[in-house]
Amino acid sequence: MSSSFFTSTRWRTWGVWLLPCLLLVLAALRPLALPDEGRYAEVGRWMALSGDWLTPRLDGIPFFHKPPLLYWFEAAAMTALGASPWVARLVVILHACLMLGLMVVCTRHIAGADVARRAAWMFGSSLAFLIGGQYVNHDMMVATWMGVAIWCFARALMHDAGVHAGWARWGFVACALGVLSKGLIGVVLPGLVLLTWLIWTNQTRRLLQLPWIRGLLIFCAIGLPWFIEGQKHYPELFNYLIIGQHFSRYTGGTFNNQWSWWFYPMAIALLLFPWSLLLIGTAAPRKWLQIWRNERTASHNHWNSLLWIWLLVITIFFSFPKSKIVGYIFPVLPPVACLVAMTWHKWHEAGRVKSWWFTGLLLTSLELSAGVNWAAGRHSLKHSSQDIARVLQCNMTPSERVYVMGDYPYDLPFYAQLTQALVVLEDWDEARRS
């Protein structure tokens, strides 16, 4: 195969889909990270094992930290393919690939095919995609459905012949799946982004043209049944999941991972490094301020305004709480990649950057992602229960009871494929003295 193939438009277009393949490979090389991946993978395995699709359980105890969509998909995947770390990650991987594909479609619509290809390589080679896109928790799922919702509603509102009801209905579907992924942020944040955008671009009158009745019926039919049924069986569900895990976590100061305001700008920079360095150049030119000040209502600037508002609104929203987790910022990564790709395209057309620079940055990004995956795997292996699980599998049946002392080994039931809940023993006299 000639070397010219690798510099051709065809290769730049289709070669990017090797990145999801790389994601699948990397996901098979790393043990479950503790505690999150062990916990969330085991909840899905237990749901498949028990057949109880209403109540997520951890070690046999109801586990209502988050809504059940992740566990439903995990349970379905494990029923079909067996319980393994790779299968548990497959659900997140597919959502990450949906996010990548959606970003390509969005960018192509906004800025053309060449920019879309650049954005795909930028996002697809990043830590955000190759590491965050295989980490078992709810963050990538809700980020994906939030992005689908924002995009669908924006397409509906920007339709040339008036608001497009079909796009809007898919937006309501995405909001419902976002709520089932991680709760109220699945609908609140897309709504906040879109409302801010409509106010900024003077398009609020279009809100009245959305198919609200059908849309809300669709949203309720998909998003509410589990909450209603769960509340019937567990009267404290609303208080724990909505009040405790939503409002108290957002406004409280006692939760873990407390950081200052700079946390999420730093997280964006690291998750998309080295591409994120270009974001400074994207925001720096004075002409952006002029456009925002004098031409913000012009239709040719609406999409750029949406990308910036998408980035700023969600970053600011999550910067207020003291408790901050890296995965919360995943929803802003596609618009960042799109903005950076647009900047690169302009600089390349102006001769400010060379084509081979892109290749160098791409290789740097891929090497960084592979290195972080290797380091994370080595770290997880030190704390993994895989060796203990192998011993248990050789000396007992899965239905026998296992007793543990001290800390709960989140990944042990998953690796040992236990069918009975663990019994955790504790020296309460010693615990009281400490």
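Rules behind the numbers
Residues numbered from 1 in each chain as written. Predicted model: local features only at pLDDT ≥ 70, side-chain atom pairs only at ≥ 80, totals over all residues. Heavy atoms only, no water. Salt bridge = Lys/Arg side-chain N within 4 Å of Asp/Glu carboxyl O. Helix = DSSP H or I, 4+ residues; strand = E, 2+ residues; numbered from the N terminus. Buried < 20%, exposed > 50% of the residue type's maximum accessible area, 1.4 Å probe, protein only. Phe/Tyr/Trp six-rings, centres within 6.5 Å; stacked < 30°, edge-to-face > 60°. Lys NZ or Arg CZ within 6 Å of the ring centre and 35° of its normal. Polar contact = N/O pair within 3.5 Å; in protein donor to acceptor, adjacent residues only side chain to side chain. Contact = heavy atoms within 4.5 Å. 1 Å grid on protein atoms, 1.4 Å probe; cavity = no way out; pocket = protein on both sides within 12 Å on 5 of 7 lines; lining within 4 Å. Points joined across faces, edges and corners; volume = space filled by probe spheres on them. pLDDT = per-residue confidence, 0-100.

**Quick notes on the pattern of salt bridges**
- For the structure shown, the criterion picks out eight salt bridges.
- A salt bridge links R39 to D36, with the nearest nitrogen and oxygen atoms 2.4 Å apart. With R39 and D36 both in helix α3 (residues 36–50), this residue pair falls three residues apart, about one helical turn.
- Residue classification places R39 among the buried residues on the basis of a relative accessible area of 15%.
- Two residues, E42 and R45, come together in a salt bridge whose shortest N-O distance is 2.8 Å. Of this pair, E42 and R45 both sit in helix α3, separated by three residues, roughly a single helical turn.
- E42 gets classed as buried once you look at its relative accessible area, which sits at 1%.
- Note on R45: relative accessible area 5%, which makes it buried.
- Look at the salt bridges and you will find they share partners, linking R30, E37 and R89 into a network.

**Side note on the packing of aromatic side chains**
- In this structure the tally under the stated criterion is 21 aromatic pairs.
- With a centroid separation of 5.1 Å and 80° between ring planes, the pair formed by F263 and Y264 is classed as edge-to-face. The pair formed by F263 and Y264 is uniform in burial state, with each residue classed as buried.
- Consider the rings of W344 and F358, whose centres lie 5.4 Å apart with planes at 65°: the pair is edge-to-face. One end of the pair, W344, is in helix α18 (residues 333–349); the other, F358, is in helix α19 (residues 355–383), and 14 residues separate them in sequence.
- A residue is classified by how much of its surface remains accessible, and F358, at 6% relative accessible area, is buried.
- The ring of Y40 has R39 sitting right over it, with the charged end atom 5.2 Å from the ring centre.

**A look at the side chain of N137**
- For N137, the position within the fold is in the loop between α7 (127–130) and α8 (139–157).
- At 3.2 Å, the side chain of N137 and the backbone nitrogen of D139 are in polar contact.
- If we skip the residues at most four places from it in the chain, N137 touches Y40, L70 and V92.

**Quick look at the layout of surface pockets**
- By volume, the largest pocket amounts to about 970 Å³.
- For the lining of the largest pocket, the secondary-structure elements that each account for two or more residues are α3, α13 (237–251), α14 (263–271) and α19.
- Examining the composition of the lining of the largest pocket, we find that five residues originate from one element, α14, more than from any other.

**A short note on unusual backbone geometry**
- A cis amide bond links L34 with the next residue in sequence, P35, at an omega value of 5°.
- With respect to the element layout, P35 can be found in the loop between α2 (18–27) and α3.
- The linkage connecting F273 with the following residue, P274, adopts the cis geometry, with an omega of 5°.
- Relative to the assigned elements, P274 resides in the loop between α14 and α15 (277–283).
- The backbone phi angle of N202 is positive, close to 60°, even though this residue is not glycine.
- Positive phi is not limited to glycine here, since Q417 has a value of about 55°.
- Using a relative accessible area of 28% as the deciding quantity, one classes Q417 as partly exposed.

**Structural notes on the confidence of the model for the protein**
- Of all residues in the protein, 90% have pLDDT values of 70 or greater, and the mean over the chain is 89.
- Note on residues 1–7: pLDDT is under 50 here. Beyond four places in sequence and across chains, it has five contacts.

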